[in-house]
Amino acid sequence: MPKMKSNRGAAKRFKATGAGQIKRAKAFSSHILTKKSTKRKRGLRQGCLVDATNLKGIRKILPYL
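Every chain is numbered on its own, with residues counted from 1 as its sequence reads. It should be noted that, the model being predicted, local features are given only for residues of pLDDT at least 70 and side-chain atom pairs only at 80 or more, the latter also being counted only at that level, while totals for whole chains, interfaces and linings use all residues. Computation of side-chain values covers all heavy atoms of the structure but excludes hydrogens and water.

## Description of the overall build of the protein chain
Here is step 1: A run of DSSP states H or I qualifies as a helix once it reaches four residues; a run of E qualifies as a strand once it reaches two. Both are numbered from the N-terminal end. Helix and strand content of the protein chain: 3 helices and 3 strands.
Here is step 2: When the helices and strands of the protein chain are read in sequence order from the N terminus, they spell out α-β-β-α-β-α.
Here is step 3: Radius of gyration here uses only the C-alpha atoms, and the compact-globule reference equals 2.2 Å multiplied by the residue count raised to the power 0.38. Compactness check: the protein chain gives a C-alpha radius of gyration of 15 Å against a globular reference of 11 Å for 65 residues, more than 25% above the reference.
Here is step 4: Each principal axis of the C-alpha atoms in the protein chain carries an extent, and together these give about 50 × 25 × 20 Å.
Here is step 5: Taking all 65 residues of the protein chain together, 15% fall into the buried category.
Here is step 6: Here the contacts in the protein chain between residues at least 6 apart in sequence split such that 63% fall between residues at least 24 apart.
Here is step 7: A 1.4 Å probe and the Shrake-Rupley method give the accessible areas. Residues count as covered only by the protein chains that appear here. A total of about 5700 Å² of accessible surface is found on the protein chain, and carbon and sulfur atoms cover 56% of it. Whether a residue is buried, partly exposed or exposed follows from its accessible area with a 1.4 Å probe, protein chains only, as a fraction of its type maximum: under 20%, in between, or over 50%, in that order. We call two residues contacting when some pair of their heavy atoms lies within 4.5 Å.

## A look at the sheet that holds strand E1 (residues 15–16)
Here is step 1: Read across the sheet, 3 strands follow the order E1-E2-E3 without closing on themselves; strand pairing throughout is antiparallel. Pairing within the sheet leaves two strands with one partner each, and these edge strands are E1 and strand E3 (48–49).
Here is step 2: We call two strands paired when DSSP finds no fewer than two bridges between them. Where E1 lies against strand E2 (residues 22–24), 2 bridges are found, and the strand directions are antiparallel. Bridge assignment links Lys 15 to a residue of E2, and that residue is Lys 23.

## Examining the side chain of Lys 36
Here is step 1: If you trace the backbone, Lys 36 turns up in the loop between E2 and helix H2 (38–44).
Here is step 2: Among buried Asp, Glu, Lys and Arg side chains, Lys 36 stands out as unpaired, with Asp 51 the closest opposite charge at 21 Å.
Here is step 3: If sequence neighbours within four positions are ignored, Lys 36 has contacts with Phe 28, His 31 and Lys 41. Neither His nor the chain ends is counted toward charge; the positive residues are Lys and Arg and the negative residues Asp and Glu. Here, a salt bridge means any side-chain nitrogen of Lys or Arg that lies within 4 Å of a carboxyl oxygen of Asp or Glu.

Interpretation note: all reported values are geometric properties and have no functional meaning in isolation.
Now the structure itself:
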């Protein structure tokens, strides 16, 4: 049987942690930044983990992550 293909767009956006969880970047940090507070923009720079509700779908499109 051939190898499964990873979704290449998703592969660039998600990385696995050592514990097997999936980390992602936060949204809303690329433009229209003048109305956002400094505290909010600083928080958007931090990464976070993928929520459990979305984990199944991401594991499906990234079989080797």
